[in-house]
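# Architecture and fold: a report
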Amino acid sequence: CRRRCSCQDPLDRADFNAVEYINTLFPTEQALEEAQKAIQQLFGKIKDIKDKAEKSEQMVKEITRDIKQLDHAKRHLTTSITTLNHLHMLAGGVDSLEAMTRKRQYGEVANLLQGVVNVLEHFQKYMGIPQIRQLSERVKAAQSELGTQILADFEEAFPSQGTKRTGGPSIVLRDACLVANVLDPRIKQEIIKKFIRQHLSEYLVLFQENQDVAWLDKIDRRYAWIKRQLVDYEEKYGRMFPEEWCMTERIAVEFCHITRTELAKLMRTRAREIEVKLLLFAIQRTTNFEGLLAKRFSGCTLNDGPGKKLDTPLEPTNPFLEDEVGDDSPKKPKAPDNPFHGIVSKCFEPHLYVYIESQDKNLGELIDRFVADFRTQGPPKSSTDEGGAVLPSCADLFVYYKKCMVQCSQLSTGEPMIALTTIFQKYLREYAWKILSGNLPKTSSNSGGLTISSLLKEKEGSEVAKFTVDELCLICSILSTAEYCLATTQQLEEKLKEKVDKSLVDRINLTGEMDTFSTVISNSIQLLVQDLDSACDPALTAMSKMPWQSVEHVGDQSPYVTSVIMHIKQNVPVIRDNLASTRKYFTQFCIKFTNSFIPKFINHLFRCKPISMVGAEQLLLDTHSLKTVLLDLPSIGSQVVRKAPASYTKIVVKGMTRAEMILKVVMAPHEPPVVFVDNYIKLLADGNPETFQKILDMKGLKRSEQSSMIELFRQRLPAPPSGADGGPALSFNAPTPEQESSRIRKLEKLIKKRL
């Protein structure tokens, strides 16, 4: 249909002609004039409609204006009636207020005054009217008169002069307090201030500075007195003051402020009489009292009541373990739960130097006792079933540290804690020096050389090791103690930082003391290494002095190997058992010993010259025996076989393989020279001419022969690889005569047989 309509419309036709279309619509000039007249008539009708619409709009505006005027008139009328009612209430209320004030009818005044004040707020914008301003001034005058009158009534009931109370609680005063809630807050504060001052006036007289009962040894009487006064107040005046005034708490808080001031003044005057026990006694009783206040009151008056606002104390944490300290230490609730913490006990902080000095003296005596006990009782006995025991004195020291830290943190978390930390540092160092380092066994300087005959006698138990089993146990015990001290000192530092004020945390640093204990550990390990290393020295010396050129056949391991193994079996199990609780330090001992022994063994190996082919085979057998023992060293003599750490095994394999390669080079024929040099470079990967010359010395070559070989070595030496770790090959692949090959295979079979 749409398509049909569009096709019938001449404007949509493809052959549309505008001129023909206009001529069709207006065929004559008269038709055109008629169209213009029709348009003019249409414009006239539109204008008439617009004029009528404007008149209608104007009529609607006039109607709504009248409605708005009526609405405003109604609102103003309502406001006027309300204001007149308020004015009537205000005028009547002011008259009644003045009359009730004169009659001291405070119960009625309390309710009326609040209403009058509320009504007067509606007239703030009418204060320009004289009558309204006059009523406002009358209200202010009534309020002022009420305040003065109520203060006078309280003064009469509770006179501030003298300690005798002539008045007491009454309904009039109770209602007066309700009125004071509506008056200027200063009236309420003045009532509270005067009442508390009068209530505590007896306290200032009884505990004057010149009274014997005022000193610290009788501090309990102060707190007993206020407890009685609070009970007396609750019975007599508890209902007189509104509950929201918290008068009981205010009395207690003001008592605390007065007590803190008076005690501070008294202790400044008699500072020389303050002893540690007396100070701790006073602090204990005071903190107990503060804890009692926390159980009884909420602390809501601390910020707006008389006295100085206290800072919120930091949350304490019990160091090391959360068990209780001794009975003689001050006790207190946790700081966040006790808003009264420090409200009195702050006065003791300037005198805590007495406590710090006492702890300095006590710790000095404790260290001296540790030294004397060690000399008297001697070192701990050897241990085979358990790890090396920590010295008992170590535990005693840190238990005392813990007690001191808890005590001091209860007294103060400020500068006294820093002073105590300094004392801790001092005696940690003294313990490390006097008890640990000072009791390490001293190494002996007389170590005689061994002969072949003496090495043979070692099998029967001759003395070679410098330290006895007890001395080895002592070193292990000192090492374990130092390790315990190191860990506990780190924990001590963390707990001190938790205890001290946040602004002082950066001043707590025990790194130096931890380094001191680390040094003790290193020295102990070095002593153990030196002892075993020195015990093996005579055997290595005997090895280097043996006539290796005269060895005729390869037999069992040499006596010097037996001696080394004997010393290892004597020392290592004792050290391992006594370091069972600190396994990582036993591993360090094994690594350090191996790093010391293997280079020394190789150096003595170079001194074995000249060496025959059979002698080299014997040395290779000995080297393999030592390598096997060293690989098994961490678990030697143990019923429980543990796999040695990979880092340790790598050191042993690398070092002893080098020793084996040296001997294999020595066993190789030096003819032809080029093959010998190339095999040396391949096996040892050592470009040092001095090492090469030592090999030639071991082979027994003359100097004249060595010169040409060294020159050839320098010529055949390849350019050093950049950053490459050229490890020696584990097999000898150079062509050798049949006899040499037979000797090496025979040696390998012998080694396998022993294994």
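A few points on the structure. Predicted model, so just to flag it, every value in this text is computed and none were measured.

### Some points on the overall build of the protein chain
Counting its secondary structure elements, the protein chain contains 25 helices and zero strands. Taking all 755 residues of the protein chain together, 43% fall into the buried category. Sequence separation of 24 or more characterises 82% of the internal contacts of the protein chain that already satisfy a separation of 6 or more. For the protein chain, the accessible surface area stands at approximately 41400 Å², while carbon and sulfur atoms represent 52% of it.

### A short note on the packing of helix H7 (residues 185-199) against helix H10 (residues 247-269)
At a closest axis distance of 10 Å, the pairing of H7 and H10 adopts a crossing angle of 60°. Put simply, H7 runs oblique to H10. Like other packed secondary-structure pairs, H7 and H10 cross with a definite hand, here right-handed. Residue-level inspection shows Ile192, Phe195, Ile196 and His199 of H7 in contact with H10, the latter providing Met247, Arg250, Ile251 and Glu254. For the contact of H7 with H10, a count of residues per class yields five nonpolar, one polar and two charged.

### Let's talk about helix H12 (residues 353-377)
With 25 residues, H12 should cover 36 Å at 1.5 Å per step; its first-to-last C-alpha distance of 35 Å lies within 8% of that length. Buried within H12 are the following residues: Val354, Tyr355, Ile356, Ser358, Gln359, Leu363, Gly364, Leu366, Ile367, Phe370, Val371 and Phe374. If you follow the buried residues of H12, they end up packed against helix H11 (276-296), helix H13 (392-411), helix H14 (415-436) and helix H16 (469-499).

### Looking at a positive patch on the surface
Side chains of Arg607, Lys609, Lys694 and Arg703 sit close together on the surface and give a patch of like positive charge. Counting through the fold element by element, lysine 694 comes out in helix H23 (residues 689-699).

### Quick word on the packing of H12 against H13
Orientation of H12 relative to H13, taken along the N-to-C sense of each, is 175°, at an axis distance of 11 Å. Accordingly, the angle class assigned to the pair H12 and H13 is roughly antiparallel. Where H12 approaches H13, its residues Tyr355, Ile356, Gln359, Asn362, Leu363, Leu366, Ile367 and Phe370 are matched on the opposing element by Ser393, Asp396, Leu397, Tyr400, Tyr401, Cys404, Gln407, Cys408 and Leu411. Looking at side-chain class alone, the contact of H12 with H13 contains 12 nonpolar, four polar and one charged residues.

### Some remarks on the nonpolar core
Ranked by size, the top nonpolar core spans 184 residues in total, and within it Tyr431 and Phe601 carry the most contacts. If near-sequence neighbours (up to four positions away) are discounted, tyrosine 431 is found in contact with Ile367, Phe370, Leu391, Ser393, Cys394, Leu397, Leu436, Thr481, Cys485 and Phe517.

### Examining the state of the cysteines
One pass over the structure, following the stated rule, counts zero disulfides. Cysteine cysteine 300 is unpaired, with the sulfur of cysteine 246 as its nearest cysteine sulfur at 3.5 Å.

### Section: the packing of aromatic side chains
Aromatic rings in a pair are described by how distant their centres are and how their planes are angled relative to each other. A complete count under the given rule lists 26 aromatic pairs for this structure. Measuring from centroid to centroid gives 6.3 Å for tryptophan 548 and tyrosine 560, while their planes differ by 90°, and the two rings are edge-to-face. Taken together, the positions of tryptophan 548 in the loop between helix H17 (511-545) and helix H18 (559-578) and tyrosine 560 in helix H18 put the pair 12 residues apart, joining distant regions of the chain. Tyrosine 560 sits in the buried class, given a relative accessible area of 0%.

### Some points on unusual backbone geometry
The omega torsion across lysine 609 and proline 610 is -10°, close enough to zero to call that bond cis. Mapped onto the fold, proline 610 is located in the loop between helix H19 (583-607) and helix H20 (613-631). The phi dihedral of cysteine 246 falls on the positive side, at around 50°, and the residue is not glycine. Note on placement: cysteine 246 falls in the loop between helix H9 (219-237) and H10. For cysteine 246, a relative accessible area of 24% puts it in the partly exposed group.

### Re empty space enclosed by the protein
Under the defined criterion, the tally for this structure stands at two cavities of 30 Å³ or more. Taken as a whole, the second largest cavity encloses approximately 30 Å³ of empty space. Forming the walls of the second largest cavity are Phe154, Glu155, Phe158, Ile191, Lys194 and Phe195. At the level of elements, helix H5 (130-157) and H7 are the ones that each hand at least two residues to the lining of the second largest cavity. Broken down by element, the residue count for the lining of the second largest cavity peaks at three residues, all from H7. The residue inventory of the lining of the second largest cavity, partitioned by class, reads four nonpolar, no polar and two charged.

### Re the pattern of salt bridges
All told, the structure shown has 21 salt bridges when counted by the stated rule. The partner of glutamate 234 in a salt bridge is arginine 296, and the shortest N-O contact between them spans 3.2 Å. Of the two residues, glutamate 234 sits in helix H9 while arginine 296 sits in helix H11, which places them 62 residues apart along the sequence. Residue class for arginine 296 comes out partly exposed when judged on its relative accessible area of 47%. Here lysine 265 ties to glutamate 262 by a salt bridge, and the two come within 3.8 Å at their closest N and O atoms. One end of the pair, lysine 265, and the other, glutamate 262, are both in helix H10, three residues apart, so they sit about a helical turn from each other. With relative accessibility at 34%, the residue lysine 265 sits in the partly exposed group. For glutamate 262, a relative accessible area of 22% corresponds to the partly exposed category.

### Remarks on the environment of threonine 64
Secondary-structure assignment places threonine 64 in helix H3 (residues 29-103). Within the structure, threonine 64 has its side chain in polar contact with the backbone oxygen of lysine 61 (distance 2.9 Å).

Calculation rules
Residues numbered from 1 in each chain as written. Predicted model: local features only at pLDDT ≥ 70, side-chain atom pairs only at ≥ 80, totals over all residues. Heavy atoms only, no water. Helix = DSSP H or I, 4+ residues; strand = E, 2+ residues; numbered from the N terminus. Buried < 20%, exposed > 50% of the residue type's maximum accessible area, 1.4 Å probe, protein only. Contact = heavy atoms within 4.5 Å. Areas by Shrake-Rupley, 256 points an atom, 1.4 Å probe, with all protein chains shown as cover. Axes fitted to C-alpha atoms, helices over the stretch in contact; angles between N-to-C directions. Parallel < 35°, antiparallel > 145°, perpendicular 65-115°, else oblique. Left-handed = near helix turned anticlockwise from the far one by under 90°. Nonpolar A, V, L, I, M, F, W, Y, C, P; charged D, E, K, R; others polar. Expected span 1.5 Å × (residues − 1). Patch = residues over 30% accessible without salt bridge, like charges linked within 9 Å, V, L, I, M, F, W, Y side chains within 5 Å. Salt bridge = Lys/Arg side-chain N within 4 Å of Asp/Glu carboxyl O. Lys, Arg positive; Asp, Glu negative; His and termini not counted. Charge placed at Lys NZ, Arg CZ, Asp CG, Glu CD. Core = buried A, V, L, I, M, F, W, Y, C linked by side-chain atoms within 4.5 Å. Disulfide = S-S within 2.5 Å. Phe/Tyr/Trp six-rings, centres within 6.5 Å; stacked < 30°, edge-to-face > 60°. 1 Å grid on protein atoms, 1.4 Å probe; cavity = no way out; pocket = protein on both sides within 12 Å on 5 of 7 lines; lining within 4 Å. Points joined across faces, edges and corners; volume = space filled by probe spheres on them. Polar contact = N/O pair within 3.5 Å; in protein donor to acceptor, adjacent residues only side chain to side chain.

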